[in-house]
Amino acid sequence: MPIGVDEWVAQHTDRRDAGTGWRRLMYTLDARVGWWPRLALAVLAGLIFGQLSLSSNIQQVAINSLIYAILALGLNIAVGWAGQLDLGYVAFFGFGAYGYAVLSSGTTHWAAIVSIPVVFGAAAIFGTLVGLVSLRVSGDYLAIVTLFVGQAFMEVVNNVDTGKLGGVNGLFGLDPIHSFGAQITTLKGYFYFALVVLAVLIGLLHLLDNSRTGRAWRAVREDELAAEAMTIPTGALKIMAIGFAAAVGAIAGTVFAAQQDNVFPTNFTANILILIYACLVLGGAGSIAGAVLGGIVVTVGQQMVSSPADAGYLFYGLILLGLVAKVRPWRTLAAVLAGTVVLGVALHAIVGAISSSATAGSPGSAGWIGHVVSHWVIVPKNAVGYGNVLYIALIVLVFAVTRVRDSWRPYLLVPTLYVAACCWESRLIVNPSITAQILIGAILIATMIARPQGLLGTMRVEVV
Amino acid sequence: MKVRLTLVAVALTALVAAGCGSSSNSSSSSAPAATSSSAAAAGTSSASAGKSCKAAIAIEGPFTGPVAQVGLEQLHFAQLAVQMDNKANGTDVTMAQDDTQLTPSLATQKTQAIISSDAVAAVGPAGSQEVEAVGPLFGRAGLAFITGSATLPALTTDGKNPTFLRVVPNDNIQGPQDANYVINHLHPKAVLVIDDDEAYSQGLVKTMIPIFQKAGIKVNHQTINGTDTGATLANAINSLVTSKLTADETVTMLPWQAAANAQQFGLAAQQQHKKTILFGTDGTNSPSQFKIPGTYVSNFGPDISASSSALDKSLVSGVAQFGPYGAFGVPTYEATDVEMKAIASVCKSGGTPSRANVLAAIRKTNIAPAANPLGVQVAFKSNGDIVGQPGYLFKIESGGKYVTIPNK
Amino acid sequence: MHELIQTIINGLTTGFLYALIALGYSLVYGVLKLLNFAHGDVYMVGAYIGYFVIQWFGGPTALSIPVPLLVAIMFVVAGLGTGVLGVLIERFAYRPLRDAPRIAPLITALGVSFILENSVLLLFGGFTKSYSTNSFISFSSGIHIGDVNIDSVQITIFVVSIAMMFALMRLVDRTTLGKSMRAVASDREAAEMLGINVDRVISYTFFIGSAMAGVAGVMSGLAFNQISATIGFLAGLKAFTAAVVGGIGSIPGAVIGGLFIGLCEAFAASYISSKYTDLIVFGILIVTMLVRPTGIFGRPALQKV
């Protein structure tokens with residue numbers, strides 16, 4: 001029963017409190033526990049994680065997650081809180097990295113305790129200058145101007161003063177983070193360092209969010225004109241938001257540069273900007289916890305899809321998850337799954353009997369998945385062309401499944417699932433890198449449709 | 001409703017658990033694609049010795065993103081090398097793929113994945129900046145990595161990449177060779193040198209310009225943005241041809257990575273009726289893409305499509321299913337081949353193919369010119385550079401046919 | 001002098017392509033206030049469709065039909081194909097998010113872009129494909145005055161682009177569909193209350209915008225030969241820039257914006273510095289935006305209180 005959107009949102013708390021069982025418990029806990037115990041708990045979890053003996057790969061993923069979480073936090077100030085579409089954000093990330101590279105190594109060798117605050121301040125000034133533009137242009141026009149700033153930054157480090165900035169060959173062999181004679185050289189060390197930086201930033205930003213400034217930002221985001229009418233200095237607030245975002249982005253840059261041990265222009269391209277936006281929006285723009293979660297989820301997800309074994313779990317797992325969540329009642333779900341298994345076994349037998357070469361290939365998955373599906377999916381010897389046809393068929397079928405009448409859907413689901421499995425085993429897993437990108441695209445679309453406000457974001461009414 | 005939610009939660013947990021479980025084992029080694037599983041089958045069947053020689057290697061390259069063309073070509077040739085050498089040497093080597101998109105920070109992440117896996121050697125990465133980023137990591141892990149395309153001279157001289165090797169000569173070899181050929185044979189009054197704003201191109205340009213200037217030839221140095229594509233790139237090229245290519249510049253040097261871009265330049269000159277002889281470096285060597293008649297193109301290896309050797313023929317037929325190829329595949333084939341042969345030799349001498357053993361065997365590599373598609377002796381100096389200095393020069397005849405000519 | 005004219009022609013050739021893609025951006029933005037970042041990849045798909053049409057009719061050196069007919073078929077097939085693709089993209093990636101926060105469809109657009117680009121990479125490989133236009137349309141055809149060369153592909157681009165732009169303007173100004181598009185653009189809810197089928201109007205808008213991008217893709221292949229799976233990203237970025245600089249949502253604005261950027265690029269590369277072309281172009285555009293904060297043709301937005 002659709003009621004007015006605004007009322008619906010207003011009644012949100014009532015509906016939530018009326019819940020029962022564990023959901024109500026969660027909400028009560030959510031309401032009772034303050035922000036700092038939660039932060040402490042998260043940091044504790046991080047510290048425990050750091051104590052585990054993990055491979056350098058997982059440690060690197062963990063560090064990258066934290067860096068992207070910091071980046072998303074910074075972007076959240078401009079985009080999530082103040083509502084300024086800042087597409088030049090990646091330039092501040094790069095600015096921080098290059099700032100650290102120039103100040104803390106090469107000929108200067110400043111201690112991190114000096115160089116990081118200097119970079120922080122310089123980035124804030126740089127960001128404020130870029131933010132000045134927001135006085136003149138706004139909305140999507142601001143987006144395009146900031147985009148130019150980001151692109152121009154790339155061009156500058158590529159071409160200007162290549163002696164000092166390294167040009168396309170970048171700067172490498174940087175100093176590790178060092179102060180008072182101590183230095184951080186291990187991955188574990190950088191993990192703790194990034195964790196501390198993140199925790200401090202979360203604390204500060206939480207205070208900022210609940211301050212007059214934070215409330216004023218939200219007012220500007222919701223309705224700039226109304227905010228101005230309430231004597232809120234909207235211009236100064238917008239500049240501040242972009243400046244603060246820049247400073248936080250630059251902090252991420254310093255940690256990144258020190259940990260990577262090098263800086264290159266190609267580390268700060270539009271692709272990275274896209275990734276940071278994905279972190280923020282997927283996690284939930286406007287929410288600190290959302291930004292952090294987004295950074296972690298996107299980085300870990302990216303790592304999972306690009307490893308063929310994990311990608312297999314993700315692919316089959318997400319399909320099962322989608323089925324469980326969407327197909328009802330129980331009997332239909334069971335029938336669909338059973339039908340798919342039977343269809344596969346039957347088709348495999350029939351095709352194998354007609355032509356043994358048509359089933360001569362082996363499934364691309366390794367381990368138990370490959371073992372389980374080997375007598376089920378049809379994989380011919382040279383599967384490239386066959387796999388391409390299946391891929392197109394799969395896309396058509398997926399479109400069809402979402403469009404047909406409800407009563408037909410289970411019947412169509414059976415061949416769709418089977419084609420998906422065959423296509424995965426014969427073509428997609430064979431080119432894991434390309435498949436990873438396709439999967440990321442599909443997951444982005446599915447997640448946004450399932451939760452438009454992001455994982456931890458709150459739905460709000462937009463005044464258009 | 002509640003049951004369903006619980007079920008979703010359980011499924012999610014299972015999913016995460018499955019993912020974590022497999023990542024903590026080893027993340028990228030369990031990647032036997034179609035080629036490696038069939039290769040494994042071939043290995044066991046033809047293994048003459050009782051025990052099979054099992055090992056894993058990994059390849060880093062830009063398999064997606066703007067330069068996917070280069071990366072996919074390298075990947076296909078490397079897969080072919082694994083398949084052919086497994087069969088020939090009776091080994092059971094699998095190869096994991098790690099996509100770097102030519103981004104150093106991604107290469108760092110993938111390198112950590114390779115180091116954490118059971119890979120004993122790596123092929124790639126493709127770009128010089130990536131090598132700068134990952135060289136120290138590979139060095140600390142004692143893991144050999146051989147590139148087929150990173151040509152920046154400093155990579156082998158600055159001492160930061162102790163386990164780095166390459167099967168291609170560095171820019172200090174190719175640049176002067178090409179410049180001297182132009183001076184001695186084409187006698188231009190002035191040359192137009194265009195770099196494409198990338199490390200490969202800038203490195204070559206840096207070596208060429210002083211040689212031209214010393215010979216009294218005027219150099220007109222221009223830049224395009226090599227990461228541009230389509231209409232934007234064409235606009236830049238057309239404008240350069242219009243206003244920077246004058247009648248004096250009878251030779252134009254194109255030290256570019258993309259053969260298609262060089263073709264674009266040639267077509268733009270034709271369209272605007274400007275006469276200049278084009279001279280491309282190895283990156284532009286692609287008979288199916290760069291075919292402006294009268295052009296000179298240098299390369300590290302001979303043209304395998306015209307070769308009569310059995311090895312070259314099997315290479316050509318092996319990658320035919322992936323479509324045409326350019327200049328990046330053959331060196332990467334050879335880089336992979338070196339690692340495969342090293343693993344086989346370790347096994348043959350009774351050792352286990354560990355990282356240290358394979359690295360030592362790779363350093364001892366000595367493959368005769370006839371036994372590899374580069375046509376030179378493949379052996380390494382102590383700094384990782386290749387001993388042989390292959391330098392081939394082709395002239396493109398009408399119809400786009402590449403004809404080998406002497407390069408001196 | 002001939003250099004100046006030739007540079008203008010170079011700039012216009014690229015500029016018209018930007019303009020055609022920008023029109024799609026602007027149309028979609030007008031009705032949905034959505035930045036369709038997948039638009040550049042639709043253009044790329046159009047270029048691929050054109051390539052396969054050439055192959056279908058025997059390949060560039062052995063065409064089985066006359067060249068003008070081939071070019072016409074390429075435009076029509078690519079336009080229809082990408083038009084349908086655009087409608088599907090809207091139906092599956094944008095419609096479910098119509099009432100979501102404005103930033104959400106931005107992410108699904110990126111998802112669509114990832115899928116399109118990498119599907120083409122998966123299906124057709126990474127190797128750059130070439131139209132080989134000069135083997136069926138000679139460079140010597142066209143107009144040649146002194147050192148100024150305009151070949152027939154460029155003439156085709158100019159004529160077809162201008163024709164399409166006028167057709168689009170007439171469609172938006174004079175037809176019922178155009179009226180409904182304008183109604184939806186100015187107030188979607190009010191338009192719905194007046195009995196306009198908003199979903200259908202949006203589908204038509206996507207069809208038209210994407211078809212124009214598809215035609216632009218074919219033109220790009222004809223004029224510049226090389227196509228690959230990755231040409232969409234940059235073209236989309238440039239077209240987005242063109243649409244915004246011209247005044248987003250405005251049809252003449254998109255055209256002027258596209259031509260302006262094309263000419264800026266050509267002049268910067270020809271006359272100022274090939275090394276700093278991009279920086280110069282960004283500089284010009286930033287200044288333009290500061291002087292006219294809502295684009296060249298944009299009107300200052302009226303704020304509803």
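Keep in mind that this is a model prediction, so the values were computed, not measured.

Glancing now at the interface of chain C and chain B. With 41 residues of chain C in contact, the opposing surface of chain B contributes 34 residues. Only helix 1 (2–32), helix 4 (104–124), strand 3 (148–151), helix 8 (198–224), helix 9 (231–246), helix 10 (251–272) and helix 11 (277–291) of chain C provide two or more residues apiece to the side of chain C that touches chain B. Sorting elements by how many residues they give to the side of chain C that touches chain B places helix 1 of chain C first, with eight residues. Here the side of chain C that touches chain B is built from residues that sort into 14 nonpolar, 21 polar and six charged.

Along the chain, C:Val76 turns up in helix 3 (residues 67–94). For C:Val76, a count of 15 C-beta atoms within 10 Å puts it in the partly exposed group.

Now for the interface of chain B and chain A. At the interface, 43 residues of chain B touch 43 residues of chain A. Contributions of two or more residues to the side of chain B that touches chain A are made by helix 1 (2–25), helix 2 (34–46), strand 2 (91–99), helix 4 (104–116), helix 5 (128–141) and helix 8 (199–214) of chain B. Per-element tally for the side of chain B that touches chain A: the top contributor is helix 1 of chain B, with nine residues. When the residues that make up the side of chain B that touches chain A are grouped by side-chain class, the tally is 19 nonpolar, 19 polar and five charged.

Excluding glycine, residues mostly have negative phi values, and the peptide bonds linking residues are mostly trans. The omega torsion across B:Gly124 and B:Pro125 is -10°, close enough to zero to call that bond cis. Turning to its location among the elements, B:Pro125 is positioned in the loop between strand 3 (119–123) and helix 5. Its identity is not glycine, yet A:Thr231 carries a phi of approximately 65°, on the positive side. Tracing the backbone shows A:Thr231 in the loop between helix 12 (224–229) and helix 13 (234–260).

Once that is clear, we can look at the pairing of strand 2 of chain B. Residue and element names in this part refer to chain B. For strand 2, the tally of buried residues reaches nine of nine residues, placing the bulk of the element in the interior. The side-chain alternation of strand 2 yields two buried faces, one formed by Thr-91, Val-93, Met-95, Gln-97 and Asp-99 and the other by Asp-92, Thr-94, Ala-96 and Asp-98. Direction of pairing for strand 1 (residues 53–61) relative to strand 2: parallel, over a ladder of nine bridges. Bridge pairing in strand 2 links Glu-60 to Asp-98.

Let's shift gears to the sheet that holds strand 5 (residues 164–166) of chain B. Residues and elements named next belong to chain B. Strand order in the open sheet made by the five strands is 2-1-3-4-5, with parallel pairing throughout. Looking at which strands have only one partner, the edges of the open sheet turn out to be strand 2 and strand 5. Looking at each pair of strands side by side, their axes are set apart by 25° on average, direction ignored. Across three bridges, strand 4 (residues 144–147) lies against strand 5 in parallel orientation. Looking at the pairing, Thr-147 lines up with Arg-166 of strand 5.

We now examine the packing of helix 3 of chain C against helix 4 of chain C. All names here are of chain C. Relative to each other, helix 3 and helix 4 sit at 130°, their axes nearing to 10 Å. On the basis of the axis angle, helix 3 is oblique to helix 4. Crossing of helix 3 over helix 4 shows right-handed handedness. In contact with Ile-89, Ala-93 and Tyr-94 of helix 3, helix 4 contributes Pro-105, Thr-108, Gly-111 and Val-112. Of the residues assigned to the contact of helix 3 with helix 4, the class counts are five nonpolar, two polar and no charged.

Residue and element names in this part refer to chain B. Spatially, 7-6-8-9-10-11-12 is the arrangement adopted by the seven strands of the open sheet, whose pairing is mixed. With partners counted over all chains shown, the strands left at the sheet margins are strand 7 (218–223) and strand 12 (402–405), one partner each. On average, each strand axis in the sheet is tilted by 25° relative to the strand beside it, whichever way the strands run. When strand 6 (residues 190–195) meets strand 7, the two strands line up parallel, connected through six bridges. The partner of Val-193 across the bridge, within strand 7, is His-221.

The predicted coordinates ought not to be read in detail in places where the model reports low pLDDT. Residue and element names in this part refer to chain B. Averaged over every residue, the pLDDT of chain B is 85; residues scoring 70 or more account for 88%. pLDDT under 50 marks residues 15–50. Its contacts with residues more than four places away, or in other chains, come to 81 contacts. Reported confidences for the modelled complex are a pTM of 0.90 and an ipTM of 0.91.

Residue and element names in this part refer to chain A. Direction vectors running N to C along helix 7 (residues 112–132) and helix 13 enclose 145°, while the axes themselves pass 7 Å from each other. Here helix 7 and helix 13 pass one another in a crossing that is right-handed. Counting all contacts with helix 7, which are made through Ile-116, Val-119, Phe-120, Ala-123, Ala-124, Phe-126, Gly-127, Thr-128, Val-130, Gly-131 and Leu-132, the residues of helix 13 involved are Lys-238, Ile-239, Ile-242, Gly-243, Ala-245, Ala-246, Ala-247, Ala-250, Ile-251 and Thr-254. Residues of the contact of helix 7 with helix 13, tallied by class, amount to 15 nonpolar, five polar and one charged.

Procedures and definitions
- Residues numbered from 1 in each chain as written.
- Chains lettered and ligands numbered in written order.
- Predicted model: local features only at pLDDT ≥ 70, side-chain atom pairs only at ≥ 80, totals over all residues.
- Contact = placed C-beta atoms within 7 Å.
- Helix = DSSP H or I, 4+ residues; strand = E, 2+ residues; numbered from the N terminus.
- Nonpolar A, V, L, I, M, F, W, Y, C, P; charged D, E, K, R; others polar.
- Buried ≥ 20, exposed ≤ 12 C-beta atoms within 10 Å, placed from the backbone.
- Pairing = 2+ DSSP bridges.
- Axes fitted to C-alpha atoms, helices over the stretch in contact; angles between N-to-C directions.
- Parallel < 35°, antiparallel > 145°, perpendicular 65-115°, else oblique.
- Left-handed = near helix turned anticlockwise from the far one by under 90°.
- pLDDT = per-residue confidence, 0-100.

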